[in-house]
Amino acid sequence: MKKHTVCRMCSSCCPVEVTVKDGRLVSARRKTGAGPGAELICPKLAAAAEIVYSPERLKTPLVRKDRSASFAPASWDAALNLVAEELSRAKKEQGAGSVGWLRGMAADWGAPWDYASRLMHAFGSPNCIGNGSVCHVAREMAHNYTYGAMIVPQAGASRCIVVWGKNDRNTCPPAHEAIIAARRKGAALIVVDPVKTPLAREADIFLQLKPGSDGPLAMAMIREILRNGLHDQEFVQGFTVGFEPLARAADKFPAEKIAPEIWLDPEEVKRAARLYATTKPACIVEGNGLDMQLNTFQATRAVCILRALTGNLDRPGGDFLPQPVPAQNIRLSERLPGDVQPVTAAYPLFSSFHPTWGLHAQSCLVDAILDRKPYPVTSLVVQSGNPAVTMTDSGRTAEALSRLSFLAVIDMFPTRTASFAHVVLPACGCFEKTQLNRAYLRNLRVVLQDKAIEPLHESRPDWWIVFALARRLGLSDDFPWTDVEQAIDFQLAPSGITVEKLRQHPEGIAAGEPAFEKFRTRGFSTPSGKAELFSGRLHEAGKDGVPFPDGKAADALAISRDDGQDLLVGVSGERSARFTHSQFHHIQSLRQNEPEALADFHLDDASRRGIGDGDRVKVETPRGRICLRARISDEVHRGSVRIGWGWGESHPEANLNNLTDDGMRDPVTCTPSNRSFLCRVEKAE
Ligand SMILES: Nc1nc2c(c(=O)[nH]1)N[C@H]1C(S)=C(S)[C@@H](COP(=O)(O)OP(=O)(O)OC[C@H]3O[C@@H](n4cnc5c(=O)[nH]c(N)nc54)[C@H](O)[C@@H]3O)O[C@H]1N2
Ligand SMILES: Nc1nc2c(c(=O)[nH]1)N[C@H]1C(S)=C(S)[C@@H](COP(=O)(O)OP(=O)(O)OC[C@H]3O[C@@H](n4cnc5c(=O)[nH]c(N)nc54)[C@H](O)[C@@H]3O)O[C@H]1N2
Ligand code: SF4
Ligand SMILES: [Mo]
């Protein structure tokens, strides 16, 4: 039997067809528009059955009185009662705000977020927090503040594609297929990446910049465009504000001066700016290379401004402004008393820029647990995340997790984070549940993630766990739904789309027709109604209204206060197509071709340190040390080392976040630099 659903094993949320035999998942196939031979194979999806039926899956709820005891299996009733009791006790003794809920981004990019927020808000705590400060939400805010919403690049129909800090070949196959299709039709390609990715090898222009210097590069490109009058004059005059202050700031970034500082050739920077500005339509496909930097917000603003200056916004083959599916905001934030502040209160703009994204200044949660700032959080639920591995500065995170008086973890597997828990609740995976996928509320077409097989063992869908906990916390009135279909229908009511209709249309239902150049009739969703090169909102809040007005992009490299010895710039990567962050490293078919974490060196840097291909190396920062295997690679630039990401679950000695520092943060989005940092490297004994 074939079943249609959405894969959630990474955030690409691909529509898939699952083959089920006698109630068992046999295989799964990604639905793709790429023609024969052009289709990318996703190794994780190929291993779907192995992942679903992994013997390591959590089978029952587990409980223990304190961390010195071992876990004992428990019934769902007993485990949920215990969680409800502990959360209620914390609320009674220390106030509802002492209870936090931390959601991973990687798994379960779904409505369960909204359910968790709803639960916490009804319970009285504002502290339901996601990890968007290190993922795209920080970038999303920059788009929002520039032209009202995060764009969807129309790569497939573009004549010039700029791939800026994104590696879709490994991280989002449908997006990569669109780029390749456009290339076949002759589109120009510019890649901006400190690493020579396979796509970079094919690019017309490859800007192999110094890690973390995207802000200065974008400003230098803006300057080149303006000086040559290559901006779209009609668009800039009619639909933007703040041209003058932007031009003044950009003038401080001449390519001749900036390029050598960021490892680039000035002529190549100028050539890239001119190619992008003169080829229409053009789009910028940007990614996580811009995230996790100390100036993520303003660097992304500068990239957004390139789109606005060249008039590529909301044009076919350019950068489309999404048309969200009309849906109910079910988060109940209005329930919180007006004077209740979340622990993320130091980042008010980031915490409020979007009606449904909620809170994402993740590091503030650790501050609240360890430093009791702005007030203590003592009890926590972690859902679909593995912060012990994925959060900045693992040492500090581990200390915070161990300091909690109560921790419940909802996951499919017994993770390092779960090892700190008092209660572990077994969640089922994406093929075992029906849910509304947030990614599909973003723009026009809703595709249902629909249960293909029954939950394994005693595992339960996240929605079920949240609803059951709500009942035990006395919040049944806010969770009246007896199944997820009712809850989805309630949330989608404004669109007229229902689960029943979605099941009849596995290809998805469009909530409207795509419309381009909407700004001509509706303006942009910014305070001025224009694309804001200068943002009055930022200026009034004491932030820079244009990016880098004094000609300096804040030092992007974390932990630079070292002793000036022979340091390399560490680059967090590579996101292998086989794994999702800390997940799947235990799956035999996936790890057999990629058994361990690697550090990629330029030959010169390796030779100088006496490091040969295959040697074990130590990488160290003031935060900590990791040990992994060296590979000599022509993909990395001299002076940098690329360190494999996500290995901390299976190989704790190679946990990249042992190196990262949470002391410096982006002033707007609280983003620490998990991405680029100075480190010392030596051959291990
Ligand atoms: N240094 C460095 N740090 C980074 C990054 C980096 O590249 N470098 N990447 C950052 C980014 S972009 C992100 S998004 C974060 C990711 O951070 P996390 O979200 O913590 O990442 P994962 O390791 O994917 O953890 C997801 C967990 O959810 C579980 N899970 C899977 N499916 C389900 C489900 O349906 N329900 C439930 N309840 N659990 C489920 C998995 O078993 C896994 O333990 O890490 C960030 N941190
Ligand atoms: N297989 C797989 N797929 C995934 C995930 C996964 O873990 N595994 N995670 C999912 C998630 S949550 C996310 S957020 C996305 C992220 O997916 P992407 O946005 O593609 O992110 P990355 O692959 O981490 O990095 C993209 C590129 O940025 C480059 N880069 C590194 N530093 C810099 C820099 O300073 N500047 C610039 N310009 N580029 C830089 C890297 O070398 C890399 O080529 O992937 C999603 N898909
Ligand atoms: S890229 Fe692979 S793992 Fe990620 S959603 Fe698509 S099919 Fe699933
Ligand atoms: Mo992410």
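All values reported here derive from a predicted model rather than from experimental measurement.

Cut-off values and rules
- Residues numbered from 1 in each chain as written.
- Chains lettered and ligands numbered in written order.
- Predicted model: local features only at pLDDT ≥ 70, side-chain atom pairs only at ≥ 80, totals over all residues.
- Heavy atoms only, no water.
- Helix = DSSP H or I, 4+ residues; strand = E, 2+ residues; numbered from the N terminus.
- Buried < 20%, exposed > 50% of the residue type's maximum accessible area, 1.4 Å probe, protein only.
- Polar contact = N/O pair within 3.5 Å; in protein donor to acceptor, adjacent residues only side chain to side chain.
- Contact = heavy atoms within 4.5 Å.
- Pairing = 2+ DSSP bridges.
- Axes fitted to C-alpha atoms, helices over the stretch in contact; angles between N-to-C directions.
- Parallel < 35°, antiparallel > 145°, perpendicular 65-115°, else oblique.
- Left-handed = near helix turned anticlockwise from the far one by under 90°.
- Nonpolar A, V, L, I, M, F, W, Y, C, P; charged D, E, K, R; others polar.
- Near = heavy atom within 4 Å.
- Areas by Shrake-Rupley, 256 points an atom, 1.4 Å probe, with all protein chains shown as cover.

A. A look at the side chain of E594. On the secondary structure map, E594 appears in the loop between helix 24 (588-591) and strand 22 (598-601). For E594, a relative accessible area of 18% gives the class buried. A distance of 2.9 Å separates the side chain of E594 from the side chain of S576, its partner in a polar contact. Excluding anything up to four places from it in sequence, E594 contacts S576, R578, F579 and W647.

B. Spatial organisation of the sheet that holds strand 7 (residues 128-129). With mixed pairing, the seven strands of this open sheet are ordered in space as 5-4-17-16-15-6-7. Each end of this open sheet is capped by a strand with a single partner; those strands are strand 5 (72-73) and strand 7.

C. Broad picture of the pairing of strand 15 (residues 379-383). Burial analysis of strand 15 places five of its five residues in the buried class, which makes it a mostly covered element. Of the two faces of strand 15, the one carrying S379, V381 and Q383 and the one carrying L380 and V382 are both buried. Alignment of strand 6 (residues 99-103) against strand 15, held across five bridges, turns out to be parallel. Of the residues in strand 15, the one forming a bridge with W101 is V381.

D. Representation of the packing of helix 9 (residues 214-227) against helix 11 (residues 243-250). Contact geometry for helix 9 and helix 11: axes closest at 9 Å, N-to-C directions at 115 degrees. Between helix 9 and helix 11, the angle is such that the two are roughly perpendicular. Here helix 9 runs over helix 11; the crossing is left-handed. For the pair formed by helix 9 and helix 11, the contact residues are M219, I222, R223 and L226 on the first element and F243, L246, A247, A249 and A250 on the second. Within the contact of helix 9 with helix 11, the residues separate by chemical class into eight nonpolar, no polar and one charged.

E. Seen up close, the site of ligand 2. Contacts to ligand 2 come from 31 residues, most closely from D193, G212, D214, R575 and F579. Here a nitrogen atom of ligand 2 sits 3.1 Å away from a polar atom, N or O, in the side chain of K44. Notes on ligand 2: free accessible area 910 Å², of which the protein chains cover 95%. Here the shell around ligand 2 is composed, by residue class, of eleven nonpolar, 14 polar and six charged.

F. Highlighting the site of ligand 1. Ligand 1 sits among 33 residues. The nearest are N386, D411, K433, D462 and S582. In this structure, an oxygen atom belonging to ligand 1 sits 3.3 Å away from a side-chain N or O atom of N131. Take C428: an N or O atom from its main chain is 3.4 Å from an oxygen atom of ligand 1. The fraction of the free accessible surface of ligand 1 (920 Å²) that becomes covered by protein chains is 97%. Split into classes, the residues belonging to the shell around ligand 1 amount to 13 nonpolar, 15 polar and five charged.

Purely geometric numbers; function is a separate question.
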